[in-house]
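Topology and contacts: notes
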Amino acid sequence: MRVVHAGTAKCDAQLALLAARGDADDLGVASTVREILDAVRQRGDAAVCEYTTRFDRVTLTPERMAFSRDDYEKAYRAADPRVVEALRYAAERIRSFHQRQVRQGYRYEAGSGISLGQIIRPLAAAGIYVPGGKAAYPSTVLMNAIPAKVAGVERVVMVSPTPGGEVNPHILVAADLAGVDVGFRIGGAQAVAALAWGTASVPRVDTIVGPGNIYVATAKKMVFGQVNIDMIAGPSEILVIADDSAHPAFVAADLLSQAEHDELASAILVTPSEDLAKAVEKQVAAQLKVLPRVRIAKQSIKRFGTIIITASLEEAVQVANRVAPEHLELAVADPEALLPAIHNAGAVFLGHYTPEAIGDYVAGPDHVLPTGGTARFSSPLNVDDFIKKTSVIRYGRQAFLDVADTCKTLSDVEGLTAHSHSVTVRLQTPPGELPPG
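The following refers to the structure shown. What you see is a predicted model, and the numbers here were worked out from it, not measured in a lab.

What counts as what
- Residues numbered from 1 in each chain as written.
- Predicted model: local features only at pLDDT ≥ 70, side-chain atom pairs only at ≥ 80, totals over all residues.
- Heavy atoms only, no water.
- Core = buried A, V, L, I, M, F, W, Y, C linked by side-chain atoms within 4.5 Å.
- Buried < 20%, exposed > 50% of the residue type's maximum accessible area, 1.4 Å probe, protein only.
- Helix = DSSP H or I, 4+ residues; strand = E, 2+ residues; numbered from the N terminus.
- Phe/Tyr/Trp six-rings, centres within 6.5 Å; stacked < 30°, edge-to-face > 60°.
- 1 Å grid on protein atoms, 1.4 Å probe; cavity = no way out; pocket = protein on both sides within 12 Å on 5 of 7 lines; lining within 4 Å.
- Points joined across faces, edges and corners; volume = space filled by probe spheres on them.
- Nonpolar A, V, L, I, M, F, W, Y, C, P; charged D, E, K, R; others polar.
- Pairing = 2+ DSSP bridges.

Looking now at the nonpolar core. Among the nonpolar cores identified, the biggest contains 40 residues, and Ile128, Val141, Leu142, Met158, Val180 and Phe386 are the most heavily contacted of them. At the level of elements, α4 (69-78), α5 (81-99), β4 (125-129), α6 (138-151), β5 (155-159) and α7 (169-178) are the ones that each hand at least two residues to this core. A total of 8 residues in this core trace back to one element, the largest contributor, which is α6. Judged by nonpolar contacts, the second largest core, of 33 residues, contains Val40, Val58, Ile208 and Val227.

Below is the structure:
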């Protein structure tokens, strides 16, 4: 792991390197994704099936794109019963957490004859992208579909590839538990395109959420505006602030929990303790040797594993706010004391017994989190991502007369004469011709 000291040019250069990793243009995928999107938009199911054959080695027809009820029943029979029960438990926790995010619309009297308000309605349809095959994540199904259903979305559409025809049974079990309405065995940019524009088989949705590889992330970015999206997901990341109270083995294990995701993942330790830094570095090296995903984790640590030495915990917090990490662990003696100073993080994990994995699976808050520093301005996936808000305005005649001159003044100064005329015509209409108000 690279060791740098906060406030130095070397530290600044390392943070810049971490921020720039995973850029789609640098990886040369944008033109390929655009070609796929255009093909699906123009040729619908035929293009989706062709790309699925090319990339996933699965021959599909439009009639076979959707998972059948028989597929779900087979999945329950094939699934590990312990996993099914764990998914049930996690689903209950996720649902309970997100139910507290539900908000109601409102109306209020803003003066005599003035009524204002806001209507909140769920989106009609939401698409969720779920990685499939061997690297399948049933927890992702729960984290994406449950808040949509809690929000009241009528149709939740799942897309999940089945490379080589391999269907992960736990994906389908999670989809059933989460209330997914229809699922399709497609993935990649072609699945994103199908959700965005709709095909004869895949219904068009209003928003697309969920993680995927660089092709999926780039496709979501390109279809934004045609549909809404949750975020542009980049490589996973964790930053741990630790003091001498931390156990080096715990910290190392948590760093590696993100490093094993992919070669572009970043794991950062920020600490004022050089002794802890050395101990954690030794633990990372030791634990790497026994990880099944050692090749991926080792490459991630080699390229982006970083230890930042600070003068104090206060400076460590400053570094964390600058990085704005997806996952931030406070492995310190008094994490609650540091929490008020944390302004930029997707999720904060407090204390020595709250590893990031707890948040990924069983705590309840969503694990779809902003990456790449976007926690400076964006939030974890939540119920609000699946609703829309409509303003409601009503003025009676006298209330209108009271503000007419002010409204005309502002529209005139902006040169929007038709706006101004819409007020004037009401002022000049004879009393006998006025509608009720």
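That covers the picture; the talk isn't over yet.
This paragraph deals with the packing of aromatic side chains. What the rule picks out here adds up to 3 aromatic pairs. Here Phe250 and Tyr353 contribute two aromatic rings whose centre-to-centre distance is 5.9 Å and whose plane-to-plane angle is 70°, an arrangement assigned as edge-to-face. In this pair, Phe250 is assigned in helix α10 (residues 248-259) and Tyr353 in the loop between β13 (347-350) and α15 (356-361), connecting sequence segments 103 residues apart. Under the relative-accessibility criterion, Phe250 is labelled partly exposed at 35%. Judged by relative accessible area, which is 70%, Tyr353 ranks as exposed.

To continue, consider the layout of surface pockets. One number sums up the size of the largest pocket: a volume of about 1,500 Å³. Lining the largest pocket are 50 residues; nearest its centre among them are Pro131, Tyr137, Pro211, Gly212 and Asn213. Secondary-structure elements contributing two or more residues to the lining of the largest pocket are α2 (30-43), α3 (45-56), α6, α8 (188-197), α9 (214-223), α10 and α15. Counted by class, the lining of the largest pocket contains 20 nonpolar, 19 polar and 11 charged residues.

Sheet architecture is open: 5 strands sit in the order β6-β5-β4-β7-β8, paired in parallel fashion. At either end of the open sheet lies a strand with only one pairing partner, and these are β6 (182-184) and β8 (228-229). Of the strand pairs in this sheet, β5 and β6 are connected by 3 bridges, and their pairing is parallel. Note that in β6 the partner of Val159 across the bridge is Phe184.

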